[in-house]
Structure formats: structure tokens, C-alpha cells
Amino acid sequence: MNAVRLVAYAGLFLLGAVVGVAGALAQQGWFPGGLLLALLGSAGAFYGGSRATGTRAGAIAPAAGWLVAVMLLTATRPEGDFVFGAGLGSYVFLLGGMGVAVMCATLGQSPQPGASDARLGK
């Protein structure tokens with residue numbers, strides 16, 4: 001593993017954290033549309049990281065950043081403040097985001113067939 005790949009994974013981790021915070025704020029603000037936008041943004045970060053690096057770790061890095069940010073936002077503060085309410089949208093965002101992360105991390109990286117001059121069946 002070289003330094004460029006490590007920097008890419010660190011950047012993807014930070015991107016996942018930013019997407020998690022933005023999704024946490026948007027999902028309840030514009031309820032059905034905000035939830036869909038937050039989940040699509042998360043899926044874009046996870047799948048985009050996988051495609052950009054060509055590895056499954058490219059999807060795991062933003063998913064880990066997303067999970068850390070979202071879990072920190074679910075904790076209550078001493079003042080009693082919290083970001084997530086106890087509504088259906090919050091649970092769909094949490095569980096849906098985790099499900100999307102698992103799906104993007106387990107997608108197989110299919111190799112592209114090479115260009116050959118041979119014709120099939122001949």
C-alpha cells in the first residue's frame with residue numbers, strides 16, 4: 001500500500017463524515033425528500049469511493065467516516081440536546097445508510113474485458 005492510496009482513503013473517510021453530518025441535518029429538514037437525498041448522497045459517496053479506488057476498501061473508508069459521524073451525532077449531550085429525533089425518518093436514515101454501505105462494500109469489482117481481435121466462436 002503506497003502513500004497515495006492511504007491519502008485517498010483518508011480523504012474518503014473525511015468525505016464520508018461530511019456526508020453523514022449533512023445527511024443527518026437534511027433528512028429531517030425536508031422529510032421525505034431530505035431523507036431520500038441523504039441516502040442517495042451516502043450511496044454516491046460509498047459507491048464512488050469504490051469505483052474511484054477500484055477496491056472494496058474504497059467503499060469501506062467513507063462508510064467508516066459516515067458511521068463515526070452519525071454515531072457521534074446520536075449521542076445526547078449533557079444539556080439534553082441531540083440531532084436525531086425518535087421518528088421514523090431517523091431510523092430509516094441510520095439503518096438505510098448502514099444497508100447501503102454494506103451493499104456498496106460487497107459489490108464485486110467486475111473486470112472489464114480486454115479488447116481482442118479474435119472473434120468469438122471461431
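The protein has the name Integral membrane protein in an unreviewed UniProt entry, where Streptomyces flavofungini is given as its organism.

S.K.: Just checking my understanding: could you explain the packing of aromatic side chains for this structure?
M.R.: Given two aromatic rings, one states the distance between the centres and the angle between the planes to describe the pair. One pass over the structure, following the stated rule, counts 2 aromatic pairs. Seen from their ring centres, Phe46 and Trp66 are 6.2 Å apart, and the 90° between their planes marks the pair as edge-to-face. Taken together, the positions of Phe46 in helix α2 (residues 31-53) and Trp66 in helix α3 (residues 57-74) put the pair 20 residues apart, joining distant regions of the chain. A residue is classified by how much of its surface remains accessible, and Trp66, at 1% relative accessible area, is buried. An aromatic cluster is present here, built from Phe46, Trp66 and Phe93 joined pairwise through their rings.

S.K.: Before we go on, may I ask you to explain helix α1 (residues 3-29) in this structure?
M.R.: Turn by turn, an α-helix covers 3.6 residues, leaving residues three or four places apart pointing in a common direction. Compared with an ideal rise of 1.5 Å per residue, which puts 27 residues at 39 Å, α1 spans 39 Å between its outermost C-alpha atoms and is within 8% of the ideal. Taken as a whole, α1 has its buried residues at Tyr9, Leu12, Gly16, Ala17, Val19, Gly20, Gly23, Ala24, Ala26 and Gln27. Buried positions along α1 lie against α2, α3 and α4 (88-106).

S.K.: What is the right way to look at the packing of α3 against α4 in this model?
M.R.: Axes are the key here: two packed helices are described by the angle between their axes and the distance separating the axes. Running from amino to carboxyl end, α3 crosses α4 at an angle of 165°, the nearest separation of the two axes being 9 Å. Compared by their axis directions, α3 and α4 come out roughly antiparallel. Seen from above, α3 lies across α4 with left-handed handedness. Here α3 contributes Ala59, Ile60, Ala63, Trp66, Leu67, Val70, Met71 and Thr74 to the contact with α4, which in turn contributes Phe93, Leu94, Gly97, Met98, Ala101, Cys104 and Ala105. Considering only residue class, the contact of α3 with α4 consists of 13 nonpolar, 2 polar and no charged.

S.K.: Where do I start with a nonpolar patch on the surface in this structure?
M.R.: On the surface, a nonpolar cluster with roughly 470 Å² of combined accessible area is contributed by Leu67, Met71, Tyr91, Leu95 and Met98. Elements that contribute at least two residues to the nonpolar patch include exactly α3 and α4. We classify Met71 as partly exposed; its relative accessible area is 37%.

S.K.: Quick question: what am I supposed to make of the UniProt feature "transmembrane region" (unreviewed entry) in the protein here?
M.R.: Annotation from UniProt places "transmembrane region" (unreviewed entry) at residues 30-47, 59-76 and 82-107. Split by type, residues 30-47 is 94% helix and 0% strand. Its first and last C-alpha atoms lie 24 Å apart. Span residues 59-76 is 89% helix and 0% strand, its end C-alpha atoms 28 Å apart.

Each value, and the rule that gives it
Residues numbered from 1 in each chain as written. Predicted model: local features only at pLDDT ≥ 70, side-chain atom pairs only at ≥ 80, totals over all residues. Heavy atoms only, no water. Phe/Tyr/Trp six-rings, centres within 6.5 Å; stacked < 30°, edge-to-face > 60°. Helix = DSSP H or I, 4+ residues; strand = E, 2+ residues; numbered from the N terminus. Buried < 20%, exposed > 50% of the residue type's maximum accessible area, 1.4 Å probe, protein only. Expected span 1.5 Å × (residues − 1). Contact = heavy atoms within 4.5 Å. Axes fitted to C-alpha atoms, helices over the stretch in contact; angles between N-to-C directions. Parallel < 35°, antiparallel > 145°, perpendicular 65-115°, else oblique. Left-handed = near helix turned anticlockwise from the far one by under 90°. Nonpolar A, V, L, I, M, F, W, Y, C, P; charged D, E, K, R; others polar. Patch = residues over 30% accessible without salt bridge, like charges linked within 9 Å, V, L, I, M, F, W, Y side chains within 5 Å. Areas by Shrake-Rupley, 256 points an atom, 1.4 Å probe, with all protein chains shown as cover. Salt bridge = Lys/Arg side-chain N within 4 Å of Asp/Glu carboxyl O. UniProt positions renumbered as here; feature names shortened; annotations may be inferred.

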